[in-house]
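Coordinate inspection notes
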Amino acid sequence: MSHTLKLGLVGIGKIARDQHLPAIAADAGFELVACASRHAEVEGVHNYSTIEEMLAHEPHLDAVSLCAPPQVRFAQARAALEAGKHVMLEKPPGASLHEIEVLRQLARKARRTLFASWHSRHAPAVEPARAWLASREIQAVVVNWKEDVRKWHPGQKWIWQPGGLGVFDPGINALSIVTRILPREIVLNAATLHFPSNTQTPIAASLVFADEHGAPVRAEFDWRYGATEQWQIAVTTNVSRLRIDAGGKTLEIDGKPVDVGPEREYPSLYAHWRQLIERGEEDVDVRPLRHVADAFLLGTRREVEPFVD
Ligand code: NAP
């Protein structure tokens, strides 16, 4: 590591406090210098209300990590790249596919690293699963990603507004894992999206994909689930059955647990970003968001009862 990267963090809400702040504090390669948030402050650093103010007053920042909801990410990322900063985007990388392409071009022009992060890909079961599946013939994949929205997103209005993705906000985490571990691409054939009558985004979704060889890949996302979450991906191959559970924390092959080590998604995310910056590389894989966009393009819409938080 040549020098410590001076970092700005934007959008101090749930994920910034739960994961980003501890991961940054534990990473000697980053020094948190400033934060930008309209209603929140972080102790011990310079605080600003907007990213524009932060960029104007902190010219020595090397990098900016963006944790606000996707609907405002493009404008923030553009401002940071135009100010010559490396940028990390929380997932999903944006509210539309094309805005990410524009950011990619801006980053290349500015010779800065753009990292569209997918934290679930850094869960400990993911790389062992990918290695296991690499040489095997996939026969079927079943994804169940179900949780109680009131438990995980209390009071978050943006998830129900256009661009907020609804149940795809967690569901895209499953898609980020699926697109990482399967040896072949998947294509969406059909989808059913359940929209509460008073929201702009779905509360549940059923997706039917096939991989390039025709193997079925089905995904069920549901935000109306009970107190215990179900975050599972089951893959049947020609010789074995693999199961990722707990969102990627655990792995079983043919019913036997595999030791994948401790969960350290966000420390791993920041370490990966640092390496990308050192190497002058980008990491921008929009496939999970493309599958979600395809679900909105192809999906049959069903209206369900209104959502009351
Ligand atoms: P959040 O707490 O609702 O929002 C984060 C912060 O962004 C808010 O506290 C708010 O801070 C700022 N913000 C909200 N709306 C804004 C707007 N219109 N303009 C500018 N700033 C705004 O959400 P979150 O749960 O942290 O999620 C943020 C992102 O992280 C999402 O993309 C989500 O998918 C991702 N993520 C969340 C989790 C999770 O468990 N919650 C896990 C992984 C990834 P100020 O009001 O102070 O500006």
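No experiment lies behind these values; they were computed from the predicted model shown.

1. Concerning the site of the ligand
Near the ligand lie 23 residues; those nearest to it are Ser37, Arg38, His39, Lys91 and Asp169. Here an oxygen atom of the ligand sits 2.9 Å away from a polar atom, N or O, in the side chain of Trp158. Between the ligand and Asp169 there is a distance of 2.6 Å, counted from an oxygen atom to a side-chain nitrogen or oxygen. For the ligand, whose accessible area on its own is 870 Å², the fraction buried by protein is 81%.

2. Some thoughts on the domain arrangement of the protein
Splitting the protein by domain gives domain 1 (5-116) and domain 2 (120-261 + 293-304). Each of domain 1 and domain 2 has a C-alpha centre, and these two points are 27 Å apart. Counting residues at the interface gives nine residues for domain 1 and 13 residues for domain 2. Between domain 1 and domain 2, a total of about 750 Å² is buried, with carbon and sulfur atoms accounting for 62% of that surface. On the domain 1 side of the contact with domain 2, Lys14, Gln71 and Lys91 bury the most area, a combined 54% of that side's loss. Run the count over domain 1 and domain 2 and you get one salt bridge. We note a salt bridge from Lys91 to Asp169, for which the minimum N-O separation is 3.3 Å. Joining domain 1 to domain 2, the criterion identifies three residue pairs in polar contact (both at pLDDT 80 or more).

3. Section: the environment of Glu278
By the secondary structure assignment, Glu278 is in helix α8 (residues 265-279). Each C-alpha atom of the pair Glu278 and Thr113 lies 9.2 Å from the other, and the pair is 165 residues apart in sequence.

4. Thoughts on the pattern of salt bridges
In total, this model carries 17 salt bridges according to the counting rule given. A salt bridge links Glu31 to Lys6; the nearest nitrogen and oxygen atoms lie 3.2 Å apart. One end of the pair, Glu31, is in strand β2 (residues 30-36); the other, Lys6, is in strand β1 (residues 5-10), with 25 residues separating them in the sequence. Lys6 gets classed as partly exposed once you look at its relative accessible area, which sits at 31%. Put simply, Arg287 and Asp285 hold a salt bridge, and the shortest N to O gap is 2.9 Å. Among the residues examined, Arg287 registers a relative accessible area of 22% and is labelled partly exposed. Judged by relative accessible area, which is 14%, Asp285 ranks as buried. Among the charged side chains, a network of salt bridges with common partners joins Glu101, Arg104, Arg108 and Glu282.

5. A closer look at the pairing of strand β5 (residues 86-89)
Covered by surrounding structure in β5 are His86 and Met88 together with Val87 and Leu89, the residues of both alternating faces. As judged from the four bridges shared by strand β4 (residues 63-66) and β5, these two strands associate in the parallel manner. Within β5, the position partnered with Ala63 by the bridge is His86. Relative to strand β6 (residues 114-116), β5 runs parallel, the two being bridged by three bridges. Across the sheet, Leu89 pairs through a bridge with Ala116, a residue of β6. Viewed along the sheet, the connection from β5 through helix α4 (residues 97-110) into β6 turns out right-handed.

So, how was this worked out
Residues numbered from 1 in each chain as written. Predicted model: local features only at pLDDT ≥ 70, side-chain atom pairs only at ≥ 80, totals over all residues. Heavy atoms only, no water. Near = heavy atom within 4 Å. Polar contact = N/O pair within 3.5 Å; in protein donor to acceptor, adjacent residues only side chain to side chain. Areas by Shrake-Rupley, 256 points an atom, 1.4 Å probe, with all protein chains shown as cover. Domains from an automatic or database assignment. Contact = heavy atoms within 4.5 Å. Buried area = accessible area lost by both parts, 1.4 Å probe. Salt bridge = Lys/Arg side-chain N within 4 Å of Asp/Glu carboxyl O. Helix = DSSP H or I, 4+ residues; strand = E, 2+ residues; numbered from the N terminus. Buried < 20%, exposed > 50% of the residue type's maximum accessible area, 1.4 Å probe, protein only. Pairing = 2+ DSSP bridges. Right-handed = clockwise from strand over helix to strand, strands pointing away.

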